[in-house]
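# Summary of the model geometry
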Amino acid sequence: MWANAEMDADYDYVGYYGGGGGGGSGGGGGHDYDGSHTGDPRQDMEYERQFQSSYIVPEVIKNFLVFFQKSVNDQNLFEVQNCYENGFNKLTDRFFKNTPWPEADVIAPIVGNDGIFLILYKELYYRHVYARVQSGPSLEQRFESYYNYCNLFNYILNADGPVPLELPNQWLWDIIDEFIYQFQSFSQYRSKVSKKSEDEIEVLRTNPKIWNVHSVLNVLHSLVEKSNINRQLEIYASGGDPDSVSGEFGQNSLYKMLGYFSLIGLLRLHSLLGDYYQALKVLENIDFHKKNLYSRVPSCQITTFYYVGFAYMMMRRYQDAIRTFANILLYIQRTKQMFQNRAQLYDQITKNNDKMYTMLAICLVLHPMRIDESVHSHLREKYADKQLRMQKCDMAEFEQCFSFACPKFLSPVPPNFDMMTDTFHKEPFKLQLRVFLEEVAQQIQIPTIRSYLKLYTTLPIAKLAAFMEVTEEALRTQLMCFKHKMKNLVWTKGTSCLEGEFQSASEVDFYVDGNMIHIADTKVARRYGDFFIRQIHKFEEITRNLQQTAVAAK
Amino acid sequence: MAKSFARSPGYNPENLPTLERYVQMQAAENTYDIEANLAVLKLYQFNPGYFQTEIASLILLKALTNLPHTDFILCKCLIDTNRLNELPVSKILELSELLETCDFERFWAETRDDPDLISSIVGFEDSIRKFICHVVAATFQSIEMEKLQQVLGHVTPMVAAQWVNKYGWTTQSNGMIFVSNQEESIKTKNITEKITFDSVAAIMSSSR
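Let me sum up the structure you'll find in this document. Keep in mind the model is a prediction, meaning the values are calculated, not measured.

A few words on the overall build of chain B. Within chain B, the secondary structure is distributed over 14 helices and four strands. Over its C-alpha trace chain B gives a radius of gyration of 24 Å, far above what one expects of a compact globule, namely 17 Å for 208 residues. For chain B, the spread of C-alpha atoms along the principal axes amounts to about 85 × 55 × 30 Å. The burial tally for chain B puts 50% of its 208 residues in the buried class. Within chain B, contacts between residues at least 6 apart in sequence are counted, and of these 63% link residues at least 24 apart. Looking at chain B as shown, the accessible area adds up to about 10,000 Å², and 51% of this sits on carbon and sulfur atoms. Charge centroids of chain B, computed over 18 positive and 26 negative side chains, lie 7 Å from each other.

Here it is as structure tokens:
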């Protein structure tokens with residue numbers, strides 16, 4: 001029936017199996033699935049209906065699952081990656097755009113009740129429910145997904161030796177990423193107490209351990225420990241061979257990558273809880289200035305730089321934040337085309353791109369400095385209005401930008417179900433917003449002072465005080481504040497992001513000598529030479545091409 | 001001790017008494033351990049029932065002694081809003097506000113009015129003076145002696161002279177303190193384009 005539907009050219013799994021029919025042997029219970037096709041479609045359907053839900057699994061899906069399973073069991077990394085990145089998504093778009101895939105119970109017989117494969121299948125199943133199903137996951141599904149992750153991590157962590165599983169790095173990253181995302185989703189769901197029924201509240205109240213922050217932390221820390229990833233990174237940073245310290249599990253690619261991704265997971269989790277110090281501390285062995293083997297998954301890179309940049313911004317390390325954001329925004333600019341055909345990933349990257357541009361805009365208002373030209377021009381194009389408003393001390397604009405760009409903060413504790421407040425779920429966000437806005441308010445005069453300073457090379461204190469309509473005393477205070485806020489801690493060397501020296505690299509700088517302000521501005525001359533050279537080369541190439549075409553035409 | 005705890009996934013509130021005593025020790029002995037203090041606040045965040053206002057206050061005051069580092073912000077981000085609005089924490093937040101905006105005059109006035117707030121931190125005032133000198137050194141090439149005395153908390157000329165010596169500043173005859181030669185580091189920069197021979201060599205050779 002479905003077997004003759006269009007088959008993807010690059011995915012000939014039916015060909016692999018030489019025709020329709022299930023591959024796996026049926027489980028117990030006296031039904032032999034393969035070979036039981038009577039040839040009469042109506043009888044077959046009846047048969048299937050007896051043993052499964054009323055959903056009938058299309059042939060093409062069955063074949064895909066069997067092939068997928070075989071690839072996993074054969075540890076055929078290439079095919080597993082193909083199934084994961086292409087096959088699954090294509091079938092999703094075709095059959096399950098907004099509905100769930102068949103439940104694990106339904107497809108279990110197709111894959112011979114293969115425990116490990118079913119865990120992996122469920123991982124994909126629930127991820128899809130969260131992402132595409134309109135109503136989102138039910139409470140029961142949230143719980144089931146949690147148990148599934150527990151099963152997966154128990155399998156990986158409690159084995160005597162490395163488990164015989166090879167999964168592509170993208171999938172490993174997605175597992176960690178999704179695990180934390182579902183925790184985040186559950187925390188927010190749980191905090192919205194006022195819209196829940198008594199039954200729901202009772203279920204939540206009596207299951208405090210499900211999606212508990214300690215379990216999530218425990219998983220991440222265990223994966224880090226098991227893989228010895230910190231020792232490996234330390235040795236790698238100093239030029240040594242990570243394998244010499246990795247241990248049996250750490251040498252195995254699955255464990256090593258899960259360990260690394262768990263570090264990024266911890267960066268994210270600590271940030272969501274408002275602990276920026278710990279967030280950066282877990283990365284202390286990762287050298288971001290060296291290209292490292294671990295950074296091949298783009299969404300991992302982007303997530304990393306987003307949270308690192310955000311932590312720096314909250315810690316008033318604007319120079320480091322700006323450098324971090326500019327770095328990754330350039331990277332996205334250059335690589336975005338590669339993700340055109342992976343819709344979900346592309347959307348995610350675009351969203352993060354916008355958030356980081358917004359944060360970059362904020363940071364550059366507070367701490368103007370030169371950045372890469374292409375990033376700067378995009379910023380001027382899309383964010384000039386926002387920046388202008390922020391420069392004019394518009395606190396509402398700061399609030400709006402922060403709210404758009406910030407992570408979805410969480411509280412580590414469940415709500416008090418007996419004291420229902422409508423706003424409990426917003427409390428973590430409101431705290432971080434408050435801290436941020438208080439910091440901005442302390443700096444609010446600085447852009448104005450800066451705009452006056454730009455106009456002069458020397459300026460008496462009395463005169464500037466008159467412009468700003470404040471006393472000289474008050475102005476001195478503001479000038480000291482300017483200097484204090486512009487002196488950021490800046491990373492200079494070593495692997496730890498937390499390290500740094502106090503530096504002042506803002507565009508406009510000054511010092512006070514008695515009653516006189518002396519101003520130093522950074523002027524950048526226009527690059528005429530570079531422009532002409534490039535144009536000359538371009539024209540030369542055109543001329544050459546024309547000459548070649550003329551010759552060829554003869 | 002704090003290092004190993006920060007890495008451990010325990011988050012076990014049973015560790016609190018030890019850590020809280022450590023905070024009190026820092027206050028009494030003029031030492032400082034940011035990681036241990038953040039660990040306490042994190043434990044409070046995870047176990048709100050264990051929150052102790054007195055300890056949180058000590059931690060926040062200690063964070064102020066580490067200015068210009070932004071430890072205070074890190075602490076604020078871990079404390080529940082309700083707790084931030086309670087005394088004496090709210091008062092300490094006000095002090096932080098004054099220091100961050102360099103409103104030193106009012107800062108000293110506040111601490112004079114409420115000496116108990118900061119009395120439990122040994123060496124608090126001198127730590128703040130260190131921060132104030134850091135700001136003065138960044139801002140001024142020269143400053144009037146009287147103004148220096150003022151920002152340091154209306155100290156006597158003798159005390160001010162001690163701070164001048166400590167940072168290697170020089171007293172001039174006209175009542176000014178020469179802080180440092182800012183002219184050297186704060187100069188107008190003109191970033192001009194450098195056209196190297198290599199970049200034009202290609203053009204020059206092809207235009208022959």
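Having seen the structure, we can now continue with the description.
Facing the 61 residues of chain B at the interface are 62 residues of chain A. Summed over both sides, the interface of chain B with chain A buries roughly 5,500 Å², with 60% coming from carbon and sulfur. When residues of chain B are sorted by the area they lose upon contact with chain A, Cys77(B), Ile191(B) and Glu193(B) head the list and together hold 11% of the total. Seen at the junction of chain B and chain A, the total is six salt bridges. Here Lys42(B) ties to Asp275(A) by a salt bridge, and the two come within 2.8 Å at their closest N and O atoms. In this assembly, chain B and chain A are joined by 19 residue pairs in polar contact (both at pLDDT 80 or more). With six residues, helix α3 (residues 34–46) of chain B is the largest single contributor of residues to the side of chain B that touches chain A.

Another point: the nonpolar core. Met313(A), Phe398(A), Leu453(A), Leu64(B) and Phe104(B) are the most contacted members of the largest nonpolar core, which totals 228 residues. Beyond its immediate sequence surroundings of up to four residues, Phe398(A) is in contact with Ile362(A), Val365(A), Leu366(A), Met390(A), Phe436(A), Leu437(A), Val440(A) and Ile444(A).

On to the sheet that holds strand β1 (residues 458–460) of chain A, then. Note on sheets: strands pair through backbone hydrogen bonds, and any given pair is parallel or antiparallel. Reading across from one edge, β1(A)-β5(A)-β4(A)-β1(B)-β3(B)-β2(B) is the order of the six strands in this open sheet, with mixed pairing throughout. The sheet is open, and its two borders are formed by β1 of chain A together with β2 (170–171) of chain B, each paired with just one other strand. Of the strand pairs in this sheet, β1(A) and strand β5 (residues 516–520) of chain A are connected by three bridges, and their pairing is antiparallel. If you follow Thr458(A) over to β5(A), its bridge partner there is His518(A).

With that settled, the discussion passes to the pattern of salt bridges. Applying the stated criterion across every chain yields a total of 31 salt bridges over all chains. The salt bridge involving Asp320(A) is made with Arg317(A); its shortest N-O contact spans 3.0 Å. The same class applies to Asp320(A) as to Arg317(A), namely buried. A salt bridge links Glu144(B) to Arg476(A), with the nearest nitrogen and oxygen atoms 3.8 Å apart. Here Arg476(A) lies in helix α23 (residues 472–486) and Glu144(B) lies in strand β1 (residues 140–144), a pairing that spans two chains. Arg476(A) matches Glu144(B) in its accessibility class, with the two residues each being buried. Here the salt bridges do not stand alone but share partners, grouping Arg316(A), Glu439(A), Lys485(A) and Glu100(B) into one network.

Residues and elements named next belong to chain A. Interhelical geometry of helix α15 (residues 298–314) versus helix α16 (residues 318–335) gives an angle of 160 degrees and a closest axis separation of 8 Å. By the angle between their axes, α15 is roughly antiparallel relative to α16. Pair α15 / α16 crosses with left-handed handedness. Between α15 and α16, the residues in contact are Pro 298, Gln 301, Ile 302, Phe 305, Tyr 306, Val 308, Gly 309, Phe 310, Tyr 312 and Met 313 and Tyr 318, Asp 320, Ala 321, Thr 324, Phe 325, Asn 327, Ile 328, Tyr 331 and Ile 332, respectively. Grouping the constituent residues of the contact of α15 with α16 by class yields 14 nonpolar, four polar and one charged.

So, about the layout of surface pockets. All names here are of chain A. Space inside the largest pocket adds up to approximately 1,700 Å³. Around the largest pocket, the lining is made up of 41 residues, and of these Ala 131, Asp 177, Gln 344, Leu 345 and Gln 348 lie nearest the centre. Those elements that place two or more of their residues in the lining of the largest pocket are α4 (77–95), α6 (115–132), α8 (169–191), α15 and α17 (343–366). For the lining of the largest pocket, the element with the most residues is α17, which contributes nine residues. Considering only residue class, the lining of the largest pocket consists of 13 nonpolar, 14 polar and 14 charged. Lining the second largest pocket are 30 residues, with Met 369, Arg 370, His 376, Glu 507 and Val 524 positioned closest to its centre.

With that settled, consider the packing of aromatic side chains. All names here are of chain A. Scanning the model with the defined rule gives 39 aromatic pairs over all chains in all. Taken together, the ring pairs in this structure connect Phe 64, Phe 68, Tyr 84, Phe 88, Phe 95, Phe 96, Trp 101, Phe 117, Tyr 121, Tyr 125, Tyr 126 and Trp 171 into an aromatic cluster. Between Lys 226 and the ring centre of Phe 249, over which it is positioned, the NZ or CZ distance is 4.3 Å. Looking at Lys 483, its charged tip hangs above the ring of Phe 510, at a distance of 5.3 Å from the centre.

We now examine the packing of α4(A) against α8(A). Residues and elements named next belong to chain A. Across the interface, α4 lies against α8 with an axial gap of 9 Å and an inter-helix angle of 50 degrees. In this view, α4 runs oblique relative to α8, as classed from their interaxial angle. In this structure, α4 contributes Val 80, Tyr 84 and Glu 85 to the contact, and α8 contributes Gln 170, Trp 171 and Asp 174. Partitioning the contact of α4 with α8 into residue classes produces three nonpolar, one polar and two charged.

Thresholds applied
- Residues numbered from 1 in each chain as written.
- Chains lettered and ligands numbered in written order.
- Predicted model: local features only at pLDDT ≥ 70, side-chain atom pairs only at ≥ 80, totals over all residues.
- Heavy atoms only, no water.
- Helix = DSSP H or I, 4+ residues; strand = E, 2+ residues; numbered from the N terminus.
- Rg over C-alpha atoms; globule rule 2.2 N^0.38 Å.
- Buried < 20%, exposed > 50% of the residue type's maximum accessible area, 1.4 Å probe, protein only.
- Contact = heavy atoms within 4.5 Å.
- Areas by Shrake-Rupley, 256 points an atom, 1.4 Å probe, with all protein chains shown as cover.
- Lys, Arg positive; Asp, Glu negative; His and termini not counted.
- Charge placed at Lys NZ, Arg CZ, Asp CG, Glu CD.
- Buried area = accessible area lost by both parts, 1.4 Å probe.
- Salt bridge = Lys/Arg side-chain N within 4 Å of Asp/Glu carboxyl O.
- Polar contact = N/O pair within 3.5 Å; in protein donor to acceptor, adjacent residues only side chain to side chain.
- Core = buried A, V, L, I, M, F, W, Y, C linked by side-chain atoms within 4.5 Å.
- Pairing = 2+ DSSP bridges.
- Axes fitted to C-alpha atoms, helices over the stretch in contact; angles between N-to-C directions.
- Parallel < 35°, antiparallel > 145°, perpendicular 65-115°, else oblique.
- Left-handed = near helix turned anticlockwise from the far one by under 90°.
- Nonpolar A, V, L, I, M, F, W, Y, C, P; charged D, E, K, R; others polar.
- 1 Å grid on protein atoms, 1.4 Å probe; cavity = no way out; pocket = protein on both sides within 12 Å on 5 of 7 lines; lining within 4 Å.
- Points joined across faces, edges and corners; volume = space filled by probe spheres on them.
- Phe/Tyr/Trp six-rings, centres within 6.5 Å; stacked < 30°, edge-to-face > 60°.
- Lys NZ or Arg CZ within 6 Å of the ring centre and 35° of its normal.

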